[in-house]
Amino acid sequence: MKEISGKCFFFGFVLCSLFFQSALMASDFEEYCPSFGPLVTKESRRVVAFSESGMISAIDVQDRYKGAYHLQFITMEPSSLFLPVLLHADMVFYVHTGKGTVTWVGDDGTDDSLDVEKGDIYKLEQGTVFYIHSHPDPTRERLRIHAIFDTQEAFVGAYSNLSDLVCGFDDKVLQMGFRVSEEAIQTIKGVEKPPSIVPFAAKNESDEVSTNWEERLLKAIIGSQKPLGMIYNNKKKKKTRAFNLLTTKHDVENCNGWSIAVTRKDFRALRGCDIGVFMVNLTKGSMMGPHWNPRGTEIAIAIHGQGMVQVVCPSVMAGDDDEPIKCENARFKVKEGDVFIVPRFHPMAQISFNNDSFVFVGFSTNVKRNHPQFLAGKWSVLRSIRKEILAMSFNVGNETVEELVGSQDDVEVDPNL
Amino acid sequence: MKEISGKCFFFGFVLCSLFFQSALMASDFEEYCPSFGPLVTKESRRVVAFSESGMISAIDVQDRYKGAYHLQFITMEPSSLFLPVLLHADMVFYVHTGKGTVTWVGDDGTDDSLDVEKGDIYKLEQGTVFYIHSHPDPTRERLRIHAIFDTQEAFVGAYSNLSDLVCGFDDKVLQMGFRVSEEAIQTIKGVEKPPSIVPFAAKNESDEVSTNWEERLLKAIIGSQKPLGMIYNNKKKKKTRAFNLLTTKHDVENCNGWSIAVTRKDFRALRGCDIGVFMVNLTKGSMMGPHWNPRGTEIAIAIHGQGMVQVVCPSVMAGDDDEPIKCENARFKVKEGDVFIVPRFHPMAQISFNNDSFVFVGFSTNVKRNHPQFLAGKWSVLRSIRKEILAMSFNVGNETVEELVGSQDDVEVDPNL
Amino acid sequence: MKEISGKCFFFGFVLCSLFFQSALMASDFEEYCPSFGPLVTKESRRVVAFSESGMISAIDVQDRYKGAYHLQFITMEPSSLFLPVLLHADMVFYVHTGKGTVTWVGDDGTDDSLDVEKGDIYKLEQGTVFYIHSHPDPTRERLRIHAIFDTQEAFVGAYSNLSDLVCGFDDKVLQMGFRVSEEAIQTIKGVEKPPSIVPFAAKNESDEVSTNWEERLLKAIIGSQKPLGMIYNNKKKKKTRAFNLLTTKHDVENCNGWSIAVTRKDFRALRGCDIGVFMVNLTKGSMMGPHWNPRGTEIAIAIHGQGMVQVVCPSVMAGDDDEPIKCENARFKVKEGDVFIVPRFHPMAQISFNNDSFVFVGFSTNVKRNHPQFLAGKWSVLRSIRKEILAMSFNVGNETVEELVGSQDDVEVDPNL
């Protein structure tokens, strides 16, 4: 049986634009809640690094189920270098624009590099040291990366830079530890700490293999088995590849848009952490019909256009008298760069406007094998319940229920996967 | 080797009634602590739903080890329907009285139904949508179900009803999503929300298979592989059965009572969650001798008669000066409907009175392979320790120790399992 | 491929004593932070038990990643008995001095005993009842044991003694439960509770097998399968052995010292919990060069000599405005009996003084397969990064970087494992 479930993270669109006369205009949805939990606007991001070569901004998200997630938005000019950092948490990233190369060394001695471009996703493990350099072509778009860090265990931030890891030690310890002169230590400690992103002129590939450095690269981490003489260009190893959300066959595609979802079942590199990635592209005047995620919280970033998002609070059994649970329905407009969060089991709908498509990429927490549950459409969970019982659930007659769930046989859904 | 351990959740009773002259009377145990943590009286349950067709009351329990548990007591008149809800948490339930049918659809597309009666237990997974209808015979007892929900991850309650999942959306979203008229939406939104339990007249079985509805029932959830033409009565599938605590062979049975314990090793349906189920039936004037649960907290509901429960606080190493740990011995009387909680490692004893049996059913958290540790009786853990060392442990002479643990060779325990 | 990683918990020393003229004297490091988190002095331990036969002191550690750890320092005179206790948490222990025997009964019915001596480590599971008796020879050193308890789930302390488990019950319950006279109960309850450690005169081995007690020893716990007639000296079972940190081949050894690390991959008894054990022995004027633990927090006890410890705070991304994260570099002197804690990812260095060796034994939390990451030395992670990029990371020239990482080809590291 073809393993569809992993690929069917999203499955089903509701055809809505051609059906209704009252077109959805952005102005219909001015009423939104800028300070409400589900929405974190682009403007409210926190700038954590800024230089001529680039910028990093960040937000922190609590999903009240599993813990804390830290998002970073990294922008790099061409010919820039995101200086090496040590990851304190697993990191999954999406390349929004541009091209570059990610290079890393794992804490088990594995080292690798990966050329990335728009649409690529990848995951790096906690304990890894990595750096990124952007493509040198000045006519290219900036390299923009959206990254999520599973920070529930990292109370001192998502990563550290090398300078901080070293320079915190006493001069004497550094002299003894690195067996260098006091002057060298003074130099290292005396300079101004570099920004997170700096200009970087890439070398020729021949230069990369010529130094002793690269030979020792493969043994740099304790436990490495490889002999000293092995050269950097290790022919035996298969080239590491990212997963591209834009070029991989979509899970669902029709005239109203497309979607794709990736879990560790689809992409090996995602193994070892609970985060999945998805992308939804709604053409103008379309909607991702009411549905909920039964497995995890969704953290989505709008990457093109605008849209309207509705999040419904599932019914709450009267909470503890001491601790009443607050949860409210929300509807808000989302624009490029905004982040919206929908907790597990909360029904949601996303709608594009009539003048442009609405595209968002997102991370889903606690993903194993996930089947989003649709309320409407051919695959609606409501259709699995007897009509009479549905009628009682809504306290309406059978005819109303028939109308509610009956008219969706011809929803345009492409089941081919 | 026969796998006894899983079935030996409780093993051993102490023969006590015929041995002592001073009979245990309810009046001996008036002194109890009504507000103490271990006891939650029937009267202190919170009513969360009430209608002519039934009632739901609830309590919340913190066990300080693993998290939060939510208990619900569902009472349904004959010919009633517990309207479909979406589970936010795993649910294990026990049928206290009556008969009915539980029907559900899982988030992976599986659908099933189960006829239940007094003594049955079953488990439904988080993400499942289910409903219950009680047997139509008006002369029958009400259908009463005790359920526990593993709510540590569900901050918006144990479940949601369908009406709340749908009606929170804007009219326009519902119109577009369900492709229905504005009038239909107005109808659905305009009516009074139904109560959790409503009257329900069951249909003929032939009616159940005749509509298109039931054909699509099997494919209602995304990812389902089954063809459109499959009928509802899916012959190939084995009939799902509950586990009955009353009719299954008891783990232990003698003139003083019986007990049974069920974990996922005994009942497949319990897989995927950490909750086990047990039942203890003490004949009049009997006792479940001092013992502790080494694996999990026990949450027990008295379902017949009354009894006395003692819970001893294990010794506490002087806690942090900042955070002294408070833990007190407790003894309290339990009557039908009361709930008592005994945390892991806390020694406990339950005693019935001289005028009636005392029966309680319970849920045990964090159960894997569990061996309750008895202090007294043939299987007492004390008997595994050298006499001299025991004497030093209690600071008494060998004779006293000999008396304490020596006279139990003839405890009537039925080892046949 | 030989599984080195498990054994390579520490790998690499920095040769420093002979290289520098300014010798490290204890007086160079008077500046330390007595109240800083990383250091818990011997004097600040909490005495939890004291008698003529021995003493128990304790400290509690929070590592902000995984939870709470409780450490106990048990000292027993020769011919003493640490009275039986019920473990509420997994316990890993190290024998610092002396000899003795640990005897236990698991909650699954297994019973065993283990002769222990200086350098031994072992693990006992939560739910186990165990006791320890020290070797009778009065000329021997005291039996000193350092133990760590994974108490994140045990809110009522790491263990309970038998007396507390029994004596909390009402007299009537005890009479009925143990089927003993009121006088026996009065005796047991009336005496003064014994201290945790008492004098103990060991019996002859022949005495140990002659009583009925030992025959029933094997069936004392529910679920035991063994027939009543089996004698105590169970010939079929292989003798249980501890793992000795002092006599097992060291992972690393050179003129500057040695180290060893043990995880569950190296020692079967450590399975089932996340705690590993390590020991480092620095000869005088040596250093464990700057490194971090990528997997867990390290909780180390100085067992010989003194040393200086530096802990560097990894760089912190600007935390929430609401919750700024405080983390400071620390340097402090450690003497025998002090405990120092280094959280995961925090770079650290340990240095011995010029007049004596510095030895510490420690527990590492959350250990799976661990590769400590060195900043300096042949195996430095810095050497895996291109020179130009390192230079930019430190904002220095290539020559300085070359000096920093280039001069370590001849570090004396023994790669033979």
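What you see is a predicted model, and the numbers here were worked out from it, not measured in a lab. (Residues numbered from 1 in each chain as written. Chains lettered and ligands numbered in written order. Predicted model: local features only at pLDDT ≥ 70, side-chain atom pairs only at ≥ 80, totals over all residues. Heavy atoms only, no water.)

## Details of the side chain of Ser-53 of chain A
Residue and element names in this part refer to chain A.
1) Next: Structurally, Ser-53 is set in the loop between β2 (46–51) and β3 (54–62).
2) Next: Accessibility expressed as a relative area gives 7% for Ser-53, which makes it buried.
3) Next: With residues up to four places along the chain from it excluded, the contact list for Ser-53 reads Thr-75, Met-76, Glu-77, Ser-80, Ile-197, Val-198 and Pro-199. (Helix = DSSP H or I, 4+ residues; strand = E, 2+ residues; numbered from the N terminus. Buried < 20%, exposed > 50% of the residue type's maximum accessible area, 1.4 Å probe, protein only. Contact = heavy atoms within 4.5 Å.)

## Digging into the environment of Ala-58 of chain B
Residue and element names in this part refer to chain B.
1) Next: For Ala-58, the location among the structural elements is in strand β3 (residues 54–62).
2) Next: What makes Ala-58 buried here is its relative accessible area of 0%.
3) Next: Expressed as a C-alpha distance, the spacing of Ala-58 and Gln-72, which sit 14 residues apart in the sequence, is 4.3 Å.

## Description of the state of the cysteines
1) Next: Overall, the coordinates contain zero disulfides over all chains when judged by the stated rule.
2) Next: The thiol sulfur of Cys-167 of chain A is not disulfide-bonded, and the nearest other cysteine sulfur, from Cys-313 of chain C, lies at 14 Å.
3) Next: In this structure Cys-167 of chain A comes out as partly exposed when scored by relative accessible area, which is 22%. (Disulfide = S-S within 2.5 Å.)

## Looking at the packing of helix α2 (residues 171–178) of chain C against helix α3 (residues 182–190) of chain C
Residues and elements named next belong to chain C.
1) Next: Between α2 and α3, the shortest axis-to-axis distance is 9 Å and the interhelical angle comes to 120°. When the interaxial angle is binned, α2 and α3 end up oblique. Here α2 runs over α3; the crossing is right-handed. Side by side, α2 and α3 meet where Asp-171, Leu-174 and Gln-175 of the first sit next to Glu-182, Ile-185, Gln-186 and Lys-189 of the second. (Axes fitted to C-alpha atoms, helices over the stretch in contact; angles between N-to-C directions. Parallel < 35°, antiparallel > 145°, perpendicular 65-115°, else oblique. Left-handed = near helix turned anticlockwise from the far one by under 90°.)

## Structural notes on the packing of aromatic side chains
1) Next: Under the criterion given, the structure shown has 28 aromatic pairs over all chains.
2) Next: Aromatic pair Phe-243 of chain C and Phe-267 of chain C: ring centres 5.4 Å apart, planes at 50°, arrangement tilted. Of the two residues, Phe-243 of chain C sits in strand β14 (residues 243–244) while Phe-267 of chain C sits in the loop between β16 (257–262) and β17 (276–282), which places them 24 residues apart along the sequence. Each of the two residues, Phe-243 of chain C as well as Phe-267 of chain C, counts as buried.
3) Next: In textbook terms, an aromatic cluster arises when at least three aromatic residues are bridged by ring pairs, as seen for Phe-278, Phe-332, Phe-340, Phe-358 and Phe-360 of chain A.
4) Next: Above the face of the Phe-73 of chain A ring, Arg-45 of chain A is positioned so that its terminal group lies 3.5 Å from the ring centre. (Phe/Tyr/Trp six-rings, centres within 6.5 Å; stacked < 30°, edge-to-face > 60°. Lys NZ or Arg CZ within 6 Å of the ring centre and 35° of its normal.)

## What to know about the sheet that holds strand β19 (residues 298–304) of chain B
All names here are of chain B.
1) Next: Strand order in the open sheet made by the seven strands is β1-β22-β19-β24-β17-β16-β15, with antiparallel pairing throughout. This sheet does not close on itself; its edge strands, each paired only once, are β1 (39–40) and β15 (252–254).
2) Next: Relative to strand β16 (residues 257–262), β15 is paired through three bridges, and the arrangement is antiparallel. Residue pairing in the sheet places Val-252 in a bridge with Ser-259 of β16. (Pairing = 2+ DSSP bridges.)

## Some words on the confidence of the model for chain A
Residues and elements named next belong to chain A.
1) Next: The share of residues in chain A with pLDDT of 70 or more is 74%, and the mean pLDDT across the chain is 77.
2) Next: Counting interchain partners and residues more than four positions distant, the pLDDT-below-50 stretch residues 317–322 has nine contacts.
3) Next: Reported confidences for the modelled complex are a pTM of 0.82 and an ipTM of 0.78. (pLDDT = per-residue confidence, 0-100.)

## Quick look at the sheet that holds strand β2 (residues 46–51) of chain C
Residues and elements named next belong to chain C.
1) Next: One open sheet holds the seven strands; their spatial order is β2-β3-β4-β11-β6-β9-β14, and the pairing between them is antiparallel. Edge positions in the sheet fall to β2 and β14, since each of these pairs with one other strand and no more.
2) Next: Two elements, strand β6 (residues 91–97) and strand β9 (residues 120–124), share four bridges in a ladder whose sense is antiparallel. Within β9, the residue paired with Met-91 across the bridge is Leu-124.

## Considerations on the domain arrangement of chain A
Residue and element names in this part refer to chain A.
1) Next: Each assigned domain of chain A is listed with its residue range as follows: domain 1 (8–41 + 249–406) and domain 2 (43–232).
2) Next: Carbon and sulfur atoms make up 70% of the area that domain 1 and domain 2 hide from each other, which totals about 2300 Å².
3) Next: For the domain 1 face of the interface with domain 2, the top three residues by lost area are Thr-41, Ile-275 and Phe-363, together amounting to 21%.
4) Next: Across the domain 1-domain 2 interface, the total number found is one salt bridge.
5) Next: Ionic pairing is found between Lys-335 and Glu-43, a salt bridge with its closest N-O pair at 2.9 Å.
6) Next: For the pair domain 1 and domain 2, the interface holds five residue pairs in polar contact (both at pLDDT 80 or more). (Domains from an automatic or database assignment. Buried area = accessible area lost by both parts, 1.4 Å probe. Salt bridge = Lys/Arg side-chain N within 4 Å of Asp/Glu carboxyl O. Polar contact = N/O pair within 3.5 Å; in protein donor to acceptor, adjacent residues only side chain to side chain.)

## Digging into a positive patch on the surface
Residues and elements named next belong to chain A.
1) Next: There is a patch of like positive charges on the surface, built from Lys-238, Arg-241, Lys-265, Arg-268 and Arg-271.
2) Next: With respect to the helices, strands and loops of the structure, Lys-265 is situated in the loop between β16 (257–262) and β17 (276–282).
3) Next: Under the relative-accessibility criterion, Lys-265 is labelled exposed at 54%. (Patch = residues over 30% accessible without salt bridge, like charges linked within 9 Å, V, L, I, M, F, W, Y side chains within 5 Å. Areas by Shrake-Rupley, 256 points an atom, 1.4 Å probe, with all protein chains shown as cover. Lys, Arg positive; Asp, Glu negative; His and termini not counted. Charge placed at Lys NZ, Arg CZ, Asp CG, Glu CD.)

## Brief notes about helix α3 (residues 182–190) of chain B
1) Next: Restricting attention to buried positions, one finds in α3 of chain B the residues Ala-184, Ile-185 and Ile-188 of chain B. All buried residues of α3 of chain B lie within an arc of 100° about the axis, which places them on one face of the element. Opposite its buried face, α3 of chain B presents the exposed residues Glu-183 and Gly-190 of chain B, each directed more than 90 degrees away.
2) Next: Packed against the buried residues of α3 of chain B are α6 (387–394) and α7 (398–406) of chain A together with α1 (162–167) and α2 (171–178) of chain B. (Arc of directions from axis to C-beta.)

## Brief notes about the environment of Val-396 of chain B
1) Next: With respect to the helices, strands and loops of the structure, Val-396 of chain B is situated in the loop between α6 (387–394) and α7 (398–406).
2) Next: Residue class for Val-396 of chain B comes out buried when judged on its relative accessible area of 13%.
3) Next: Between the C-alpha atom of Val-396 of chain B and that of Ser-80 of chain B, which follows or precedes it by 316 residues, the distance is 62 Å.
4) Next: Excluding residues within four positions of it along the chain, Val-396 of chain B makes contact with Ala-391 and Val-401 of chain B together with Thr-187, Ile-188 and Val-191 of chain C.

## As for the packing of α6 of chain A against α7 of chain A
Describing two packed helices takes the angle between their axes plus the distance from one axis to the other.
Residues and elements named next belong to chain A.
1) Next: Remark: α6 packs on α7, axes separated minimally by 9 Å, with the N-to-C direction vectors making an angle of 105°. It follows from the interaxial angle that α6 and α7 lie roughly perpendicular. Counting all contacts with α6, which are made through Lys-387, Glu-388, Leu-390, Ala-391 and Phe-394, the residues of α7 involved are Asn-398, Val-401, Glu-402, Leu-404 and Val-405.
2) Next: Among the residues forming the contact of α6 with α7, the class breakdown is six nonpolar, one polar and three charged. (Nonpolar A, V, L, I, M, F, W, Y, C, P; charged D, E, K, R; others polar.)

## Description of the nonpolar core
Soluble globular proteins tend to bury their nonpolar side chains together.
All names here are of chain B.
1) Next: If you look at the biggest cluster of nonpolar residues, it comprises 58 residues, and the most contacted ones within it are Phe-82, Phe-93, Phe-130 and Leu-245.
2) Next: Both of domain 1 (8–41 + 249–406) and domain 2 (43–232) provide at least three residues apiece to this core.
3) Next: When near neighbours in sequence (up to four residues on either side) are disregarded, Phe-93 contacts Val-102, Val-116, Asp-120, Ile-121, Tyr-122, Leu-124, Ile-145, His-146 and Ala-147. (Core = buried A, V, L, I, M, F, W, Y, C linked by side-chain atoms within 4.5 Å.)

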